[in-house]
Amino acid sequence: MGKLTVGALRAVLVVVLAGTVFVQVMMVWALATDPEDGSLPLTPLRLITILGMVSAQVALVCVWRLVTMVRRGTVFSHAAFRYVDGVIGAIVAAALVWFAVTAINAPGQREDPGVTLIMGGIGVAILGVALIVLVLRMLLAQAVARDVEAAQMQAELDEVI
C-alpha cells in the first residue's frame, strides 16, 4: 500500500470515528434531556444507536490496526487474525443491532409490511458482508501458512548453502 492510500484511508477512518463518537454523545444527551412523546419507542432506538456506533468503532479500530500491519509488512502473521475476527464480530453485531431496529419498527408497519421485509433483507445483506470477510480471513490463513512454509524452506536452504 502506498503512503497516499494509507493516509487517505486513515483520514476516512478518523472522520468516521469522530462522526460515530458525535452520534453517541448526541444520543446520550437525548436520553438525558428529551422525553419520549409516545409515537416511537425512542429510548430503545437511542440505546440501539449507541450500540451500533460501538460496533462500527470496533471495526474501525481493527481496520486501522490491519493497515498498520500492512505498512509494516507484518499482516501475514497470526496476529492479524485477531483484528480480522474483530471486524467479523463487529459486522455480526451490526447485523444484530439492525435486526433489533427492524423488530422495534415492525409494529408500526402493520399497514405496509414490505418495509419490515426490506429491513430484514438489509440485515441479511449485512450478515453476507460478514461472510465475505470470513472468506477473506480464510485466504489470509492460507497466505500465512504459505509464508510460514516459505520461511521454513528458506531456513533449510540456508543450512544447505
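Residues numbered from 1 in each chain as written. Predicted model: local features only at pLDDT ≥ 70, side-chain atom pairs only at ≥ 80, totals over all residues. Heavy atoms only, no water.

*Asks:* Teacher, can you tell me more about the side chain of T102 here?
*Replies:* Summarising the element assignment, T102 is placed in helix α3 (residues 79-105). Ignoring any residue separated from it by four or fewer positions in sequence, one finds T102 in contact with T116, M119 and G120. (Helix = DSSP H or I, 4+ residues; strand = E, 2+ residues; numbered from the N terminus. Contact = heavy atoms within 4.5 Å.)

*Asks:* Looking at this structure, I do not really get helix α1 (residues 3-33). What am I missing?
*Replies:* At 3.6 residues per turn, the α-helix brings residues three or four places apart onto the same side. In this model α1 runs 45 Å from its N-terminal to its C-terminal C-alpha over 31 residues, within 8% of the 45 Å that 1.5 Å per residue would give. Those residues of α1 that fall on the buried side of the exposure criterion are V6, L13, T20, Q24 and A30. Tucked inside the fold, the buried residues of α1 contact α2 (42-72). (Expected span 1.5 Å × (residues − 1). Buried < 20%, exposed > 50% of the residue type's maximum accessible area, 1.4 Å probe, protein only.)

*Asks:* Would you take a moment to explain the environment of S55 for this structure?
*Replies:* Within the fold, S55 resides in helix α2. With relative accessibility at 8%, the residue S55 sits in the buried group. Sequence-distant contacts of S55, that is, excluding residues within four places in its chain, are made with A90, A93 and A94.

*Asks:* Mind showing me how you'd approach the side chain of Q57 here?
*Replies:* Mapped onto the elements, Q57 comes out in helix α2. With residues near it in sequence (within four places) discarded, Q57 still touches L17, T20, V21 and Q24.

*Asks:* Is there a simple way to think about the packing of α2 against α3 in this case?
*Replies:* When two helices pack together, you describe them by how their axes are tilted relative to each other and by the distance separating the axes. Where α2 meets α3, the axes come as close as 9 Å, and the angle between the chain directions of the two elements is 160°. By the angle between their directions, the pair α2 and α3 is classed as roughly antiparallel. As for how α2 packs across α3, the hand of that crossing is left-handed. Of the residues assigned to the contact of α2 with α3, the class counts are 22 nonpolar, three polar and one charged. (Axes fitted to C-alpha atoms, helices over the stretch in contact; angles between N-to-C directions. Parallel < 35°, antiparallel > 145°, perpendicular 65-115°, else oblique. Left-handed = near helix turned anticlockwise from the far one by under 90°. Nonpolar A, V, L, I, M, F, W, Y, C, P; charged D, E, K, R; others polar.)

*Asks:* When you look at a nonpolar patch on the surface in this model, what are you seeing that I'm missing?
*Replies:* Where nonpolar side chains cluster on the molecular surface, the patch consists of L17, V21, F22, V25, M26 and W29 and spans about 570 Å² of accessible area. Structurally, V21 can be placed in helix α1. By relative accessible area, which is 38% here, V21 ends up partly exposed. (Patch = residues over 30% accessible without salt bridge, like charges linked within 9 Å, V, L, I, M, F, W, Y side chains within 5 Å. Areas by Shrake-Rupley, 256 points an atom, 1.4 Å probe, with all protein chains shown as cover. Salt bridge = Lys/Arg side-chain N within 4 Å of Asp/Glu carboxyl O.)

*Asks:* Would you mind showing me how to read the layout of surface pockets here?
*Replies:* Where empty space is left in the structure can be found by rolling a water-sized probe over the atoms. A volume near 310 Å³ is recorded for the largest pocket. Together, 13 residues line the largest pocket, and L66, V75, V84, L136 and L140 are the ones closest to its centre. If you list the elements that add at least two residues to the lining of the largest pocket, you get α2, α3 and α4 (113-160). Per-class residue counts for the lining of the largest pocket are 12 nonpolar, no polar and one charged. (1 Å grid on protein atoms, 1.4 Å probe; cavity = no way out; pocket = protein on both sides within 12 Å on 5 of 7 lines; lining within 4 Å. Points joined across faces, edges and corners; volume = space filled by probe spheres on them.)

*Asks:* Explanation requested: the environment of A141 in the structure shown.
*Replies:* By secondary structure assignment, the location of A141 is in helix α4. Residue classification places A141 among the partly exposed positions, given a relative accessible area of 32%. Sequence separation of A141 and F81 is 60 residues, and the distance between their C-alpha atoms is 8.1 Å.

*Asks:* Quick question: what am I supposed to make of the nonpolar core here?
*Replies:* Within soluble globular proteins, side chains that are nonpolar tend to cluster in buried spots. The biggest cluster of nonpolar side chains holds 15 residues, and the ones touching the most others in it are L66, M69, A80, V84, V133 and L140. Secondary structure elements with two or more residues in this core: α2, α3 and α4. Here the element with the most residues in this core is α3; it accounts for seven residues. Residue contacts for A80: discarding those within four places in its chain leaves L66, M69, V75 and L140. (Core = buried A, V, L, I, M, F, W, Y, C linked by side-chain atoms within 4.5 Å.)

*Asks:* Explain the packing of α3 against α4 to me, please; I cannot follow it from the model alone.
*Replies:* At a minimum axis distance of 9 Å, the contact between α3 and α4 shows a crossing angle of 175°. Classified by the angle between their axes, α3 and α4 sit roughly antiparallel to one another. Taken together, the residues that form the contact of α3 with α4 break down as 25 nonpolar, five polar and two charged.

Note that all results are geometric; they support no functional claim without further evidence.
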